[in-house]
Amino acid sequence: MSSNLRIDGARLVSRLAELSKIGATPEGGCRRLALSDEDREGRDWLVGQMQALGLSVKIDAIGNIVGILKGQQDGPAVILGSHIDTVGTGGRFDGALGVIAGVEVLAALKDAGLTPKRDMAVIAFTNEEGARFHPDMLGYYVWAGGMSVAHAHAEKDADGVLLGEELRRIGYEGAEQPGFLKAHAYLELHIEQGPVLESEGGETGGVLGAVTGIQAICWLELTLKGKPSHAGTTPMAHRRDPGLAAARINVFANALTKRIPGQLANSGVIRVQPGNVNVVPEMVVMTLDLRNPLDAPLAEAEAAVRAFCAELSERDGVSISFRDLARFPATAFAEELIAGMEASAAELGLPIRRMISGAGHDAQMMSRICPTAMVFIPSIGGLSHNPAEFSTDRDMIAGANVLLSAAWRAANA
Ligand code: HGY
Ligand code: MN
Ligand code: MN
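All values reported here derive from a predicted model rather than from experimental measurement.

Novice: How should I be thinking about the packing of helix H8 (residues 242–259) against helix H9 (residues 295–316) in this particular structure?
Specialist: Any two packed helices are characterised by the angle at which their axes cross and by the distance between the axes. Direction vectors running N to C along H8 and H9 enclose 150 degrees, while the axes themselves pass 10 Å from each other. Comparing the axis directions of H8 and H9 gives the class roughly antiparallel. The handedness of the crossing between H8 and H9 is right-handed. Residue-level inspection shows Leu 244, Ala 245, Arg 248, Ile 249, Phe 252, Leu 256 and Arg 259 of H8 in contact with H9, the latter providing Glu 300, Ala 301, Ala 304, Val 305, Phe 308, Cys 309, Leu 312, Arg 315 and Asp 316. Of the residues contributing to the contact of H8 with H9, the split by class is eleven nonpolar, no polar and five charged.

Set out below in structure tokens:
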């Protein structure tokens, strides 16, 4: 790469600020749930930015937005990307940084009058978060052939609204077949969303992460059914209380994290029906998010939960049924691309260290179909999925310059 090629840092920061205004929350974060009106507004804004940059913009049947910069030769492209949908209590950086940085990389190449050997593209993938529709990373999963368009369109949110209907409602059911653009490599810039890089940065800050892979994920939805009864008159021994069973399951899952190395567990959704103070509940729908850097211990944790529920169901007289919401194996990224990120950081005089990702990312899907790698920047306070999520302009610009250098190398290798 011409050694003085850099992104336009001010333009990167101001574009992120513009996108952050869409779905802005009073707490200073963003709420752009997948396929909501706020997501549509963000999509419209992004398409406008890509068109103004002269990219050829295509939308596929699951709503993935693809901006393409033509290379000198036809063939598989170097793809950059991430997502612009957020969780309900989202921040300004999760996902948005990777999409904005991808647009900025292509803009910097155009400013420098450079045409890459290969096509390059930036993609904003639909429903990465999985906060509204399941599974997470759905847009990528369909793109990578893991899920059919029809199956994805039939997914429903908690209110029973169909994904396909929402996609049509916001005008983003595109004509392209997901995966229409063949990938030579995929690179993603993302905030770390945890405390590691910040803790290593000290006062100088700014240690970047060369991501070696992503941990395995298992999301389960459990429906527990008991017998609704009067909270004052029903003797304890006669109760079949799914609320109590749900609490026991949550505690059991937490105990697993103390005996299975690397195991993480939490219950992010607990919906109680009828949800009245004086009624022993009839039904509880709850989720478990189980993760582990390794597939085998994660499988052990899931089996332990299922066995515990079978025994609990007998003992508490509560029926318990399971539904898979997401299930992705541990993912290893491509060594030559990881080394490329390290080389780019070294060229730029930026400190970088290898690490695994605790969060799932679109890159987890792309690594099924092409060599993939990610670069992380520090999250201040290790916070994410929280309005106070924050990364510095300096670190964003550093990460985007590493992305530019690594992408340029991959596009011309
Ligand atoms: O849940 C995750 O790890 C990602 O933020 N979707
Ligand atoms: Mn993300
Ligand atoms: Mn996220």
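Novice: Teacher, can you tell me more about helix H3 (residues 96–111) here?
Specialist: Each α-helix winds once per 3.6 residues, and so residues spaced three or four apart point in a common direction. With 16 residues, H3 extends 22 Å from end C-alpha to end C-alpha; this agrees with the ideal 22 Å at 1.5 Å per step. In terms of burial, H3 is largely enclosed, as 14 of its 16 residues are buried. Looking one or two places after H3, you find Gly 113, whose phi comes out positive at around 65 degrees.

Novice: It is not clear to me how the coordination of the manganese ion (ligand 2) should be interpreted in this structure. Could you clarify?
Specialist: The manganese ion (ligand 2) binds to the protein through His 83 (NE2), Asp 94 (OD) and His 190 (NE2); the donor distances cover 2.1 to 2.3 Å. Positions of the donor residues of the manganese ion (ligand 2) along the chain correspond to the pattern H-x10-D-x95-H. The metal-metal distance between the manganese ion (ligand 2) and the manganese ion (ligand 3) comes to 3.5 Å, with Asp 94 coordinating both. Here the residue Asp 94 occupies a position in the loop between strand E3 (77–82) and H3, and His 190 occupies one in strand E5 (residues 183–191), the gap between them amounting to 96 residues. For the pair formed by Asp 94 and His 190, the shared burial category is buried.

Novice: Before we go on, may I ask you to explain the site of ligand 1 in this structure?
Specialist: Residues in close proximity to ligand 1 include Glu 128, Glu 129, Asp 136, Trp 219, Arg 291, Ala 359, Gly 360 and His 385, which together make up its full environment. One of the side-chain N or O atoms of Glu 129 is found 3.2 Å from an oxygen atom in ligand 1. Between ligand 1 and the protein, one listed contact pairs an oxygen atom with a backbone N or O atom of Gly 360 at 2.8 Å. The residue inventory of the shell around ligand 1, partitioned by class, reads two nonpolar, two polar and four charged.

Novice: So what exactly am I meant to see when it comes to the coordination of the manganese ion (ligand 3) here?
Specialist: The textbook angles at a metal center are 109.5 degrees for a tetrahedron of four donors and 90 or 180 degrees for an octahedron of six. Listed as protein donors to the manganese ion (ligand 3) are Asp 94 (OD), Glu 129 (OE), Glu 129 (OE) and His 385 (NE2); their distances from the metal cover 2.1 to 2.5 Å. The sequence pattern formed by the donor residues of the manganese ion (ligand 3) is D-x34-E-x255-H.

Novice: What is the right way to read the packing of aromatic side chains from this model?
Specialist: The geometry of two aromatic rings is summed up by the distance between their centres and the angle between their planes. Counting across every chain of the model gives seven aromatic pairs. Each ring, one from Tyr 140 and one from Tyr 186, has its centre 5.2 Å from the other, and the planes form 80 degrees; the classification is edge-to-face. Taken as a pair, Tyr 140 in helix H4 (residues 138–143) and Tyr 186 in strand E5 lie far apart in primary sequence, 46 residues in all. A relative accessible area of 0% places Tyr 140 in the buried class. A relative accessible area of 0% places Tyr 186 in the buried class. For the pair Phe 252 and Phe 308, a centre-to-centre distance of 4.2 Å together with 5 degrees between the ring planes defines the contact as stacked. With a gap of 56 residues between them, Phe 252 in helix H8 and Phe 308 in helix H9 connect regions that are remote in the sequence. Positioned over the ring face of Tyr 172 is Arg 43, at 5.0 Å from the centre of the ring.

About the cut-offs
- Numbering of residues begins from 1 in every chain and follows the order in which that chain's sequence is written.
- All chains are assigned letters beginning at A, and all ligands numbers beginning at 1, according to the order in which they are written.
- Confidence filtering applies because this is a predicted model: local features only for residues at pLDDT of at least 70, side-chain atom pairs given and counted only at 80 or more, and all residues used for totals across whole chains, interfaces and linings.
- With hydrogens and water excluded, all non-hydrogen atoms of the structure serve as input to the side-chain values.
- In this analysis an axis means a line fitted to C-alpha atoms, helices contributing only their contacting stretch, and an angle means the value between N-to-C directions, from 0 to 180 degrees.
- By definition, any uninterrupted DSSP run of H or I lasting at least four residues is a helix, any uninterrupted run of E lasting at least two residues is a strand, and each is numbered from the N terminus.
- Any angle that is under 35 degrees is reported as roughly parallel, and any over 145 degrees as roughly antiparallel; angles of 65 to 115 degrees are reported as roughly perpendicular and all others as oblique.
- Two helices cross in a left-handed way if the nearer one is turned anticlockwise from the farther one by less than a right angle. They cross in a right-handed way if the turn is clockwise.
- We call two residues in contact when some of their heavy atoms are within 4.5 Å.
- When residues are grouped by polarity, Ala, Val, Leu, Ile, Met, Phe, Trp, Tyr, Cys and Pro land in nonpolar, Asp, Glu, Lys and Arg in charged, and all others, Gly among them, in polar.
- Here the expected span of a helix is defined as 1.5 Å times the quantity of residues minus one.
- Burial classes: relative accessible area under 20% of the type maximum marks a residue as buried, over 50% as exposed, and values in between as partly exposed (1.4 Å probe, protein chains only).
- Atoms are scored as donors when they are N, O or S and lie within 2.8 Å of the metal, with 3.2 Å used for Na, K and Ca; no water is included, so coordination may look incomplete.
- Whether a residue is near a molecule or strand depends on its heavy atoms: if one lies within 4 Å, it is near.
- In protein, a polar contact requires one atom able to donate a hydrogen and another able to accept it; more generally it is a pair of N or O atoms within 3.5 Å, and residues adjacent in sequence count only if both atoms are side-chain atoms.
- Aromatic rings from Phe, Tyr and Trp, taking only the six-membered ring of Trp, are treated as a pair when their centres fall within 6.5 Å; an angle between ring planes under 30 degrees marks them as stacked, one over 60 as edge-to-face, and anything in between as tilted.
- Any Lys NZ or Arg CZ found within 6 Å of a ring centre and within 35 degrees of that ring's normal is scored as a charge over the ring.

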